[in-house]
Each structure stands twice: as C-alpha cells, then as structure tokens.
Amino acid sequence: MSATSYSRLHETEAQAIYRALFGRAIPPILVQRFLPVVERLNAAASPAELVEYYRAVEAGADLEALEMAGRLTGRLPLLTRKMQAMVALAETLPENQSFYVNQRTSFVAGAAAMVWAAVHTARQAAKGLWLLRGGQRG
Amino acid sequence: MAEMIIVGSGAAATAAALELAQRGHRPVMLDVGHADDGAAPRVEDNLYRYRAQHDSFDLHIGADYRGLAGVLTGEPTVAKLNAPRMAFVTRDAAALGPLSQAEFQAIQSFALGGLGNAWGAGLYRWITADLQDFPISLAELEPYFDVLTREIGISGAGDDLAEFFGDAAGLQPPLELSHNARRVALAYRRRRKALRAQRIYLGRPRAGVLSAPKDDRPACDYSNLEFWQSQPYIYTPAVTLRRLIAAGQIDYRPGLLVQRWQETADGVTVYARDVSSGEQVAVTCQRLLLAAGAINTARIALQSAGDTTTRLPLLENPVVQIPVILPASLGRRLDTHAFGLVQLNLVWESAAYQTILQGSLLELTAPLRAEFFGRFPLAARANLALIRHLLPAMLMLQLYFPAWVQLPSRLSLLADGRLRIEGQPFPAEPARLAPLLAALRSLGLWTHPALIQQPVTGHAIHYAGTLPMRAAPGPYQCHPSGRLHGTARVYAADSASFSNLSAKNMSLGMMANAMRIAAEAAA
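Along each chain, the written sequence defines residue order, and numbers are assigned to residues from 1. Each chain is given a letter, starting from A, and each ligand a number, starting from 1, according to the order in which they appear as written. In view of the model being predicted, local features appear only for residues whose pLDDT reaches at least 70, and side-chain atom pairs are presented and counted only at 80 or more, with totals across whole chains, interfaces and linings using the full set of residues. Side-chain metrics in this entry use all non-hydrogen atoms of the structure; hydrogen atoms and water are not considered.

1. A closer look at the confidence of the model for chain A
Right, on to step 1. Summing up the model confidence of chain A, the mean pLDDT is 93 and the portion of residues at 70 or higher is 93%.
Right, on to step 2. Here helix α3 (residues 47-58) of chain A stands out as the element of chain A with the lowest mean pLDDT, 93, in contrast to helix α6 (residues 97-100) of chain A, whose mean of 98 is the highest. Per-residue confidence from the predictor is reported as pLDDT, which spans 0 to 100. Only runs of H or I of at least four residues qualify as helices and only runs of E of at least two qualify as strands under DSSP, and these elements are numbered from the N terminus.

Written out as structure tokens, the structure is:
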C-alpha cells in the first residue's frame, strides 16, 4: 500500500491511539486534526515501517505495550511519533486538562502514581516485547 | 546621502539607533522586518484558565501544525520558536539566509526586533571577566549599561550574584518566584556558606521583565503565557524601535535584505534586495553600521569581498540541560500562577573547567505538557502520570559554558551563496559536573548524570566573534572602535565584533557595545 492510501485508515488509528492513551473514544475534532499528522509522518516513513505499524493497528494490538517495547528495541518509530503528536493535540481540548494538569496537591497521591507508573511500565514493556516476538496481537 | 545606515533591527541595531538618536542623528535602518501581523487574537488571561475553557489548538499548535514541528520533522527544535504566534520571528529565514550546516543548527531571524522577540530577556551587565580578550575596558561600557537599564526596565536584586552581574542600581524589584524556586532559594540561604566555599552562588536573574509598571507597559501578570505570545511586560528591542520610528528619530526602511557594500572615497554604497519585488536597491551613506547578527553580518562582509575562501570563527556558548526534581514537591498541584521562564541564576567558578559557568534555573510551567511526554522513559500512560504528578516538581537548569572551553565553529561563504557553518560539538563530561550535581542535591534538587541533555550546537542562540575586535586587527577583524579593518567607514556593531564570549547571556553586553561603537562611528 502506498503512504497516501494508508490515510484511509486514519480514523481507525486515531481511535486506537487515543484509546491507548486516554482509555476512551476520541473526540471527532481530534480525528480531523490527526489526519495531517498521519499524512506527514506516513510520507516520511519507510515502506517497512508503514507495514509494521499498520499491521499492529489493524490487528487491534495493545498499542501502548507495543510502543513501549518498540522504544526499547528501536522498532515502530512511527507509532512513537504518532503517539507524541496525539498527546500534544489532545492537550488543546478543555475536557482533557485533567490528564495534564494536577489541580490538587497530594504527596501521597503523587508517590502512589509513581509506583503505579513504574509497575505499569514494567508490565507493558514485558507484554510489548512478547507481542513483538509474534505473540497474539488481538 | 544618508549620514548613517544601520543594517538589521535586532538588539544591537536598536541599541545603536538609540545612541545615535540621543546624539541628534537620524540613522537609516535597512531591515527585512517581518512583523507579527496581529491577526491571531491575543490571550488576555492566565494560560491554564484559558485552556480550561477554550480549545487552545490555535495558540499551541496552529493551522500549519507549527507547534508539532519537532515531532513531525524528527529534528531538534527550539520549542519557544515553534509557538504559532512566534512564527514571524523565524519566517523565511532559510530562504533569506541560506545555510549549509554540519554539526550546527543556527537560528536566524529577519523580523523587526530580531531574535529578541522570542528571547528569555536575560539582561546582565558585564564584569571585567566577561571582557576576556576584548581590547576595550569595562569603563567604556558602564555608561551604556546605565542608559539601557533605564530604557528597558530590568528587574533583579543586589544579592550574592551582584559580584558577577554588576551594579544593582536602577533595577526594579525581582519577580515573584514560583513555589519550587522559592524552596530552592530558601535552601540556598540555609546552605549559603557551604556553597560559597565551593564557589557556587545562587541569586535572582537580571531580566528585562517588569515587576512594576513602566511607561505604558504593565508589570508581569504571572500568566505563564510568555512562551506563546509576546507579552508587554517583557522587553524586546521592538519596544524601543517602535518608539524611535513613531518619534521620527530613525528612518526605518523594511522589506530590504542587505547583501553587500562598496566603499568609495566619500562614502559607502549599500546594496540590498527588495524582498517583495526582487529588485536591487542601492543606498549611500557616510558610515555603515552592520548589526544583522554575527552570522549575517559576517555573510555581508564575505559577500562584499566576494570571498568564498576565508573561514571565519563563529563562537557559541556550549550548553547542557540538567533536569532537577524537588522530591518534596512530588504530587504538588501545577503552579499555574508563575513567570514561566528563568527563576534563579547559578554561577559556578568551576575548578574542573577553570572558568565561570552560568546557569539559569527555569520553570517548566509554560511549555505544552506534551513537550515532556517524549522525554520521559516510561510507558505512554505512565508518562502522562509523570506529567501530572512529577513535572510540577521539576525545574530545568540550563548551564552555559564560555566559548573558550572549545574550538570555535567555522563559517565560510559558498559559491552558490549559502553560508557554510561547520560546528564544533561540545562533549559534556558528566564527571566534571559532579561537584555541581552534588551542590544541587544539597539544595534538595535531585538529578542524575544520565538525565543531562545536550541541545544541538547552535541552540543556545548566542552567536559571536565572526569579525572579532583586536588591538592590532587583520583581515575580517575589527579595531577596538568596531571599525572593520581595511575599511574607513564600515563598523560591526553587533556580536560579530566580540573578541570572545563568556558564559553570561550576552544580550545586554552586546547592546552596550553597540551603543559604544555607534558613538565611535558618529564621532
């Protein structure tokens, strides 16, 4: 498939990336705003990168786990960059501010969040590495 | 024939124009002069209050996705310059000042007011140590520092850094510190004696940011917007320039890209290209002051000589970025009422480097939170948790080195008109920074050598020394007066004429020196 023809999947991948990050459905405005990101990053990607990335998207894989493992192994750079772009785009919506801005001071909550983050990362890294080695992607 | 022509409109050009105007001259200023067209509505609220109520896509990203430049290109960028409302600062730079670069990434501006439109406004008097290798004395610059302090409105304090930052007379009170910076300042007061014994000093920055109203400019409102749009309490050269233009004290001619000059017995003819029509324009003058920035002033000099052989030096401050965490602030709510740029300065008389290093302790409240997402090493949702709970407990120490810790980069003109820049990478050696990291830990700031980052050479955006002043100058060097050797009427009034470059932010020194050179040229 060519880089441009992958764009037809942009709503699917936008949905998948957003859900991986925020655990909910993507607002329609972000689907629209994500399309230029898809077009530009796809145009710069190699055919092999496109194939690997879209195979993961279409299989409904755990994109967060795959991205973590990809960063550790130098794979799926397209997923990493699209995720970074989605994080920036999502930050511009008022309804998402609570994902980015902590409004209540709590050392206990902060410390607990750090512990959760470390454990979650270890789990996702292991899962992602298993997926990259050909584990079930669904 | 004009009496004086100034090329450029950045900090040096503006200071030179101010000096000449005060002496009763009316210089011609030739400039490309891109300006903020003002089409995008300003945000007149606190950044985070605004974001809670409005879609901030236009403010943070922009219709051309400029705010995502780093992610989309995969290239290192200067985040502040990616802000959509700062687009005018670097508009058309690649076309107007074409470069071929290796190990260097120069940032250029052809805007009215130059790169000063997006600077951090750190403005520091020089001391004798900053004049290493300069064939001029501090006494020659002091009067101009006084004038500039009055003109600009500089906030700061007469504290432990006064011995490095000069006379505190005429300063506005320092800005309010953010919560985290206040903790660091308190910790320094407790540990002051021990740190001073290690020759590490902490204090308030000298900044062109108003803590009290001045003229028609308001005081800082701690809105965290300074990353995203020009704020009236932050001085930029455009403030002075617009005042001089409105008063008819300078003859400002925008839309012109100066390419070269030709000196004759009775004057200088300056050749420029009209950037709209492409037509060649010639303007004559008795004296020419080049102030287009060290890189483009050098370009004009090389183009004027038709010289594609000579390699000129290009000085830049090496810089490292050291993220620091205040564990005591973990889980703290984000400091939404804060000045989003430099909070404190650190000066280190380093035995390891045998020179003075200067650091800026920066708040991280102003940039997009997503800017840090890719820098955290955890899984995506975990990184979002770090953004919420850890980032409000972080600051960034941006540590500047003097240019003399490494060989200069080199700059030359190619036959196709591009300027070739061959950079010198600076290997940051974490082991040599160990005493500093230990000192930071004693202030309650946790960090680790593995966290130290190095921006690409060129991203400190302190360029200097391409046509250095020497007591006995040779080709492509300047006399102590700033006059270019081999000419009778051409002066390098910007940082091109710097003989060296200390770790201190060079802007105020450059402006004072530009005034001095303008006075010499007018004499």
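2. What about the interface of chain B and chain A?
Right, on to step 1. Only heavy atoms matter for contacts: two residues are in contact if any of them lie within 4.5 Å across the pair. Contacts between the two partners involve 44 residues from chain B and, on the opposite side, 45 residues from chain A.
Right, on to step 2. Take a side-chain nitrogen of Lys or Arg and a carboxyl oxygen of Asp or Glu: if they are within 4 Å of each other, that pair is a salt bridge. Joining chain B to chain A, the criterion identifies 2 salt bridges.
Right, on to step 3. Here Arg-33 of chain A and Asp-55 of chain B are joined by a salt bridge, their closest N and O atoms 2.8 Å apart.
Right, on to step 4. Contacts described as polar in this section are N or O atom pairs within 3.5 Å, which, within protein, must combine one atom able to donate a hydrogen with one able to accept it, while residues neighboring in sequence count only if both atoms come from side chains. Linking chain B with chain A are 20 residue pairs in polar contact (both at pLDDT 80 or more).
Right, on to step 5. Within the residue set of the side of chain B that touches chain A, elements represented by two or more residues are α2 (47-53), α3 (57-60), α4 (69-73) and α11 (380-389) of chain B.

3. Observations regarding the environment of Ala-20 of chain A
Right, on to step 1. When you line up the elements, Ala-20 of chain A lands in helix α1 (residues 10-22).
Right, on to step 2. Residues Ala-20 of chain A and Gln-84 of chain A lie 64 residues apart in sequence; the distance between their C-alpha atoms is 12 Å.

4. A look at the sheet that holds strand β12 (residues 355-362) of chain B
Residues and elements named next belong to chain B.
Right, on to step 1. Strand order in this open sheet of 5 strands is β4-β11-β12-β13-β10, and the pairing throughout is antiparallel. Of all strands in the sheet, those with a lone pairing partner are β4 (200-203) and β10 (319-325), marking the two edges. Neighbouring strand axes in the sheet, compared pairwise and without regard to direction, differ in orientation by 20 degrees on average.
Right, on to step 2. Summarising the sheet, β4 and strand β11 (residues 342-350) pair through 4 bridges and their orientation is antiparallel. Within the sheet, the bridge partner assigned to Leu-202 lies in β11 and is Leu-346. Only strands that DSSP links by at least two bridges are regarded as paired with each other. To obtain an axis, a line is fitted to C-alpha atoms, over the contacting stretch when the element is a helix, and the angle between two such axes runs from 0 to 180 degrees between their N-to-C directions.

5. Comments concerning the sheet that holds strand β9 (residues 312-316) of chain B
Residue and element names in this part refer to chain B.
Right, on to step 1. Read from one edge of the open sheet, 5 strands run β3-β15-β14-β9-β16, paired in mixed fashion. Of all strands in the sheet, those with a lone pairing partner are β3 (99-102) and β16 (463-464), marking the two edges.
Right, on to step 2. Note that β3 and strand β15 (residues 419-422) share 4 bridges and pair parallel. Opposite Leu-99, over in β15, you have Leu-419 as the bridge partner.
Right, on to step 3. Contacting β3, β9, β14 (409-413), β15 and β16, helix α10 (residues 294-305) crosses the sheet at an angle of about 40 degrees to β14.

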